[in-house]
Amino acid sequence: MKHNWKNVLLVVLLILMLAGCSGSKVSVKVKSAEIVETLEAYLNMLYYPVDSEATLAGTETGGFAIAFSDYDIIRIVLDAKFTNFSGPKESDSDKQKQAVLEMLISSATFSIGEKTEKVIYALQPKTTSTSASDATLFYLIPKGTPLADLKLTFDGAELGDPSYSLTFTDFK
């Protein structure tokens, strides 16, 4: 009788262990995705040149606010877990945060209808070597674009799991 309970316990433990290992260790959670009037830029941001006239103004926090006359700004704040990071190992260093941000940008595709748009600014996440929190991406859309036309897709292969993908369309 004692022998049967040990076998049952072993089977239960094995099932629990397999269930814990079967899920993807890669994920992206979009915390917010909304139109903002301006973006506040700082030194720890990645900047990508934009062919549009921008208005700049200093802010009380030492950054500068940027607005575009012909475009709305989409701000996307996200958390991510990944397994494919081979960048700097110094946890939470600026170099590591920069490398994680670049990996997230390369895994993201933002589109308006069938047209793909590039990120214009990106704010470093709070991070460790396997996750990022509050990474922020900024994109431009022509004023008046219906939010239903917007789509953000993440490629899990870039993050370490080719079977993972996320398509987000709930823009505000």
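The structure we're discussing is the one just above.
Before going into details, it helps to say that this report is about the structure given with it. Keep in mind that this is a model prediction, so the values were computed, not measured. (Residues numbered from 1 in each chain as written. Predicted model: local features only at pLDDT ≥ 70, side-chain atom pairs only at ≥ 80, totals over all residues. Heavy atoms only, no water.)

A word on the nonpolar core. Core analysis: the biggest nonpolar cluster contains 32 residues, and I76, L78, F110, L137, Y139, L152 and F171 have the highest contact counts within it. Taken together, the elements giving at least two residues each to this core come down to β1 (27-36), β6 (71-81), α2 (94-107), β7 (108-112), β11 (131-142) and β12 (150-155). For Y139, the residues in contact, after removing those within four places along its chain, are D72, I73, I74, I76, A108, F110, E117, K118, V119, I120 and L152. Of all hydrophobic cores here, the second largest spans 10 residues; its members include L39, A41, F68 and I73. (Core = buried A, V, L, I, M, F, W, Y, C linked by side-chain atoms within 4.5 Å. Buried < 20%, exposed > 50% of the residue type's maximum accessible area, 1.4 Å probe, protein only. Helix = DSSP H or I, 4+ residues; strand = E, 2+ residues; numbered from the N terminus. Contact = heavy atoms within 4.5 Å.)

Let us now look at the pattern of salt bridges. If you walk through the whole model with that rule in mind, you get 7 salt bridges. A salt bridge links K126 to D134, with the nearest nitrogen and oxygen atoms 3.4 Å apart. According to the relative accessible area criterion, D134 is partly exposed, its value standing at 24%. Connected through shared salt-bridge partners, K31, D79, K126 and D134 make up one network. (Salt bridge = Lys/Arg side-chain N within 4 Å of Asp/Glu carboxyl O.)

To continue, consider the packing of aromatic side chains. Applying the stated criterion across every chain yields a total of 4 aromatic pairs. Both rings, one in F110 and one in F171, keep their centres 5.9 Å apart while their planes meet at 80 degrees; by these two values the pair is edge-to-face. One end of the pair, F110, is in strand β7; the other, F171, is in the segment after β13 (165-168), and 61 residues separate them in sequence. Side by side, F110 and F171 carry an identical accessibility label, which is buried. In this structure an aromatic cluster arises from ring pairing among F110, Y139, F168 and F171. (Phe/Tyr/Trp six-rings, centres within 6.5 Å; stacked < 30°, edge-to-face > 60°.)

The backbone of D134 sits at a positive phi, close to 60 degrees, despite the residue not being glycine. Along the polypeptide, D134 turns up in strand β11.

So, on to the sheet that holds strand β8 (residues 115-117). Note: strands within a sheet are paired through backbone hydrogen bonds, in either parallel or antiparallel orientation. Read from one edge to the other, the open sheet built from 4 strands follows the order β8-β7-β12-β13, with strand pairing classed as antiparallel. Strand pairing shows two members of the sheet lacking a second neighbour, β8 and β13, which therefore form its edges. This sheet shows a mean twist of 25 degrees between the axes of neighbouring strands, independent of strand direction. One ladder, built from 3 bridges, connects β7 with β8; its direction is antiparallel. Directly across from S111, in β8, lies its bridge partner T116. Relative to β7, α2 is tilted by about 45 degrees, and along the sheet it contacts β7 and β12. (Pairing = 2+ DSSP bridges. Axes fitted to C-alpha atoms, helices over the stretch in contact; angles between N-to-C directions.)

These figures come from the coordinates and say nothing about function on their own.
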